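Survey of secondary and tertiary structure
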Amino acid sequence: MRVLVVGGGPGGLYAALLLKRRDPAAHVTVVDRNRPDDTFGWGVVLSDLTVANLRAADPASAAPIDAALHHWDDIEVHFRGQIIRSGGHGFSGIGRHRMLAILQQRCRELGVLLAHQRELGAGALDDLVAAGAVDLVIAADGINSTVRQRFAGAYQPDVDVRRCRYVWLGTPRTFDAFTFAFEETPAGWFQAHAYQFAPDFSTFIVETPWETWERAGLDRRTAAESVDFCQGLFAGILRGAPLRSNASHLRGSAQWLRFPRVVCASWIHWLEAGRRRAPVVLLGDAAHTAHFSIGSGTKLAMEDAIALDRHLAAGTDLAAALDAYHGERSVEVLKLQNAARNSTEWFEHVDRYARLSPEQFAYSLLTRSQRISHENLRVRDRRYVESLERWFARRAGLAVADDAAPPPTIFTPWRVRGLTVPNRIVVSPMAQYTAATDGTPTDWHFVHLGARATGGAGLVMTEMTCVAPDARITPWCTGLWTEAHRDAWARIVRFVHEHSDARIGLQLGHAGGKGATKKMWEGVDEPLPSGGWPLIAASEQQYLPGISQVARAMTEDDMDRVVDEFVRATRLGIEAGFDWLELHCAHGYLLSGFLSPLTNRRQDGYGGPVAARARFPLRVFAAMRAEWPAHLPMSVRISAHDWAEGGNTADEAIEIARLFRAAGADMIDVSAGQVVHDEKPVFGRMWMTPFADRIRQEAGIATIAVGAITDADQANGIIASGRADLVAIGRPHLVNPAWTLWEAARWGYAGAKWPDQYLAGKAQLDRLIARERAAGTAFAPAGPPRGELT
């Protein structure tokens, strides 16, 4: 085989040597535009897992790489005068010059031809293919790949230039941990990423949003002046050591880069020239990038090379081997790019998280990618996690001795106004469509809510309970507009209070234009074939075009009536004994319809900008808040994103949350979507939590996180990191009413309160889990293994 590798970085060199090592008869040439010792960085970071992969792939090159590695296990966070350290992460650093020298030498030993300072012209690859001089081209020419640009129509690259600017510096100051340092200036926050890669030298990357960079005047400074600025800003952590640049010939604006996230739909292009064709396959940064905050592009490129060589060695034809390579690596890269996106966005918004205490700020940083979970972090460093949990429990008002095991964060109480919720788990409001047709809750609701209260949850929420007959989604939705409704709800409330420590909340809502439909399992959002009722909405609407009933736009009289209905239901809820009240302003129902520009097209004072669209929902809330006891909390459920063009996004959700906070709301229950039928949501685990996070940090109000949160590991991470204050668990509670108690047992927490009647079951469950742990079959914590960077 005749192989041409375009690009002489670590990924291209490693691919070349692996191919030549496996097939000594192959003709392998590396063409690079740079000199052998040119480099555009200082050090390279490799995880312990990647180092192990290098040893297995080519022991001869791994040995000198191993010898040159500087290893460390810890991450250290410097923030607001505190230093917080966590271990068990497993990194190694090596100088980029040293890495290149080792790989170049190994290539020469194997007979790879290295051609430096050589540019391939626009038609060079076509000429080589037409002449039959090459069977395979590996494009490893980096983040600004000319090959990728040349065949962009085939690769379909998507390049997203990120918000922050960064400068790649070095320093003789050595660090015994991967170090993150944060400094606030009048212009905004700057952060440093520092790691040692040689006995006497470290990489020191300084990063900041471009707006902060401009406000600081760095766009007008020379490279030397930029270095001086960074050196002064981080003087405390540098301890008198200087910063150095290996790009001092550049002006300041050129030296400070913006990271491009590169995604390619395809990594393979079959180049046809003359009567011949040959594949041109992308590798490393030419195919994909992942932000340096989760590891290096070098790591990904070398792992690409290992996978490419393995599939070429499998004995299948070339096309099948390349397809297998792309299939394997594109999935792995997508996982890392998703983690990198989360990490990138965290560093782009340090000001958002700088409101947190240093303890929570550091934990948020460590778990920012959502690949490291709470329990995975415990595997890495139990002492650190327990110290964080102890701090959190004390902040929640628990007395935890220094030598006592602290409770997981979800088993700490939450105090709001005069109410204490015993733990952070909420049973989500979930429509059951099982009420009597007059709106009265039935024995089903008694059992449904009672079982989940005795199952350990801290707060149990009713389904959306409708304030009038024409406010219902279906004829089988619960209501609260009569004394009979009140008495039926009071029976359920009494049971919860008498037989559990849980609190019980009432969610009130009005279906608006999404009313008069079938039960969910008979046809979601489909209109009743008969027996429906007239519908009202913010503006005239038909939720399912051509199918749903057309709802008319509300008049001022309608608004007055609806406000009175919500107040009446609130008063009945007080009489029933509920502990908590939530106003439903999400999912396209009546009040949600006012908030979204997609469903509110009014030309009066209730339409237009966000504040005007929120006017009627705020009026309803204010009337309810005035009726509801001052010592009891109220929350508001909103859709934080409409998932449709022209609709609300997280930015509008933050504005809406601020308005409700100013009106007296204690929490925002953060959901998303279901506002319009043609939405395009982006699903995933914990997929709505980022909205709760943003609203909590930027609107300054407590939040409830919802959406595909399935286990206590995820919930603990959400609470510990300050992304939300409570976690609502929906469908897992449908499967297991005792979800909270089950999760406590599964993760070894003995402090959860079980009903006396169920203690025998707890003992059996504890024995079962103990046997599974002894056999090594117990549930393993989520996240990458120890030794992975993210």
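Shown above is the structure to which this text applies.
These remarks concern the structure in this document.

Cut-off values and rules
- Residues numbered from 1 in each chain as written.
- Predicted model: local features only at pLDDT ≥ 70, side-chain atom pairs only at ≥ 80, totals over all residues.
- Heavy atoms only, no water.
- Helix = DSSP H or I, 4+ residues; strand = E, 2+ residues; numbered from the N terminus.
- Rg over C-alpha atoms; globule rule 2.2 N^0.38 Å.
- Contact = heavy atoms within 4.5 Å.
- Areas by Shrake-Rupley, 256 points an atom, 1.4 Å probe, with all protein chains shown as cover.
- Lys, Arg positive; Asp, Glu negative; His and termini not counted.
- Charge placed at Lys NZ, Arg CZ, Asp CG, Glu CD.
- Axes fitted to C-alpha atoms, helices over the stretch in contact; angles between N-to-C directions.
- Parallel < 35°, antiparallel > 145°, perpendicular 65-115°, else oblique.
- Left-handed = near helix turned anticlockwise from the far one by under 90°.
- Nonpolar A, V, L, I, M, F, W, Y, C, P; charged D, E, K, R; others polar.
- Buried < 20%, exposed > 50% of the residue type's maximum accessible area, 1.4 Å probe, protein only.
- Pairing = 2+ DSSP bridges.
- Core = buried A, V, L, I, M, F, W, Y, C linked by side-chain atoms within 4.5 Å.

Structural notes on the overall build of the protein chain
- In terms of regular secondary structure, the protein chain is built from 29 helices and 30 strands.
- Taken over the C-alpha trace, the protein chain has a radius of gyration of 30 Å; the compact-globule value for 790 residues is 28 Å, and the two agree within 12%.
- The principal-axis extents of the C-alpha atoms in the protein chain amount to approximately 90 × 65 × 55 Å.
- Residue pairs in contact within the protein chain that sit at least 24 positions apart in sequence constitute 72% of those at least 6 positions apart.
- Carbon and sulfur atoms make up 51% of the accessible area of the protein chain, which totals about 30200 Å².
- With 85 positive and 89 negative side-chain charges, the protein chain shows a spacing of 2 Å between the two charge centroids.

Structural notes on the packing of helix H19 (residues 483-499) against helix H20 (residues 556-576)
- As a packed pair, H19 and H20 sit with axes 8 Å apart at the nearest point and diverge in direction by 40°. On the basis of the axis angle, H19 is oblique to H20. For the pair H19 and H20, the sense of crossing is right-handed. For the pair H19 and H20, the contacting residues are Arg486, Trp489, Ala490 and Val493 in the first and Leu572, Glu575 and Ala576 in the second.
- Of the residues in the contact of H19 with H20, the class split is five nonpolar, no polar and two charged.

Quick word on the packing of helix H12 (residues 297-312) against helix H13 (residues 318-348)
- For the pair H12 and H13, interaxial distance at closest approach is 9 Å and the crossing angle is 150°. For the element pair H12 / H13, the angle class is roughly antiparallel. For the pair H12 and H13, the crossing hand works out as right-handed. Residue-level contacts link Leu300, Glu303, Asp304, Ala307, Leu308, Arg310, His311 and Leu312 of H12 to Leu318, Ala321, Leu322, Ala324, Tyr325, Glu328, Arg329, Val333 and Leu336 of H13.
- For the contact of H12 with H13, the class distribution of residues is 11 nonpolar, one polar and five charged.

Some remarks on unusual backbone geometry
- Its identity as a non-glycine residue notwithstanding, arginine 80 has a phi of 50°, on the positive side.
- On the secondary structure map, arginine 80 appears in the loop between strand S5 (75-79) and strand S6 (82-86).
- Classification of arginine 80 as partly exposed rests on a relative accessible area of 48%.

Quick notes on the sheet that holds strand S3 (residues 43-47)
- The three strands lie next to each other as S3-S7-S4, forming an open sheet whose pairing is antiparallel. The open sheet is flanked by S3 and strand S4 (70-72), the only strands paired with a single partner. Going from strand to strand, the sheet's axes swing by 25° on average, the running direction of each strand aside.
- The pairing of S4 with strand S7 (residues 91-95) spans three bridges and is antiparallel. Note that in S7 the partner of histidine 70 across the bridge is glycine 93.
- Across the sheet, helix H2 (residues 48-57) touches S3, S4 and S7, and the angle it forms with S3 is around 90°.

Overview of the sheet that holds strand S9 (residues 136-139)
- In space, the six strands of this open sheet follow the order S8-S2-S1-S9-S17-S16, with mixed pairing throughout. The sheet is open, and its two edges are formed by strand S8 (113-115) and strand S16 (268-273), each paired on a single side. With strand direction ignored, the average angle separating the axes of adjacent strands in the sheet is 20°.
- Here strand S2 (residues 27-31) runs beside S8; their pairing, made up of three bridges, is parallel. What sits directly across from threonine 29, in S8, is leucine 113.

A look at the nonpolar core
- Ranked by size, the top nonpolar core spans 115 residues in total, and within it Leu508, Phe566, Trp580, Phe616, Phe660, Ile668 and Ile695 carry the most contacts.
- Looking at this core, the element that brings in the most residues is H20, giving eight residues.
- Among residues more than four places away in sequence, those in contact with isoleucine 668 are Val636, Ile638, Ala657, Phe660, Ile695, Ile701, Ala702, Thr703 and Ile704.
- Judged by nonpolar contacts, the second largest core, of 66 residues, contains Val28, Ile102, Leu271 and Ala273.

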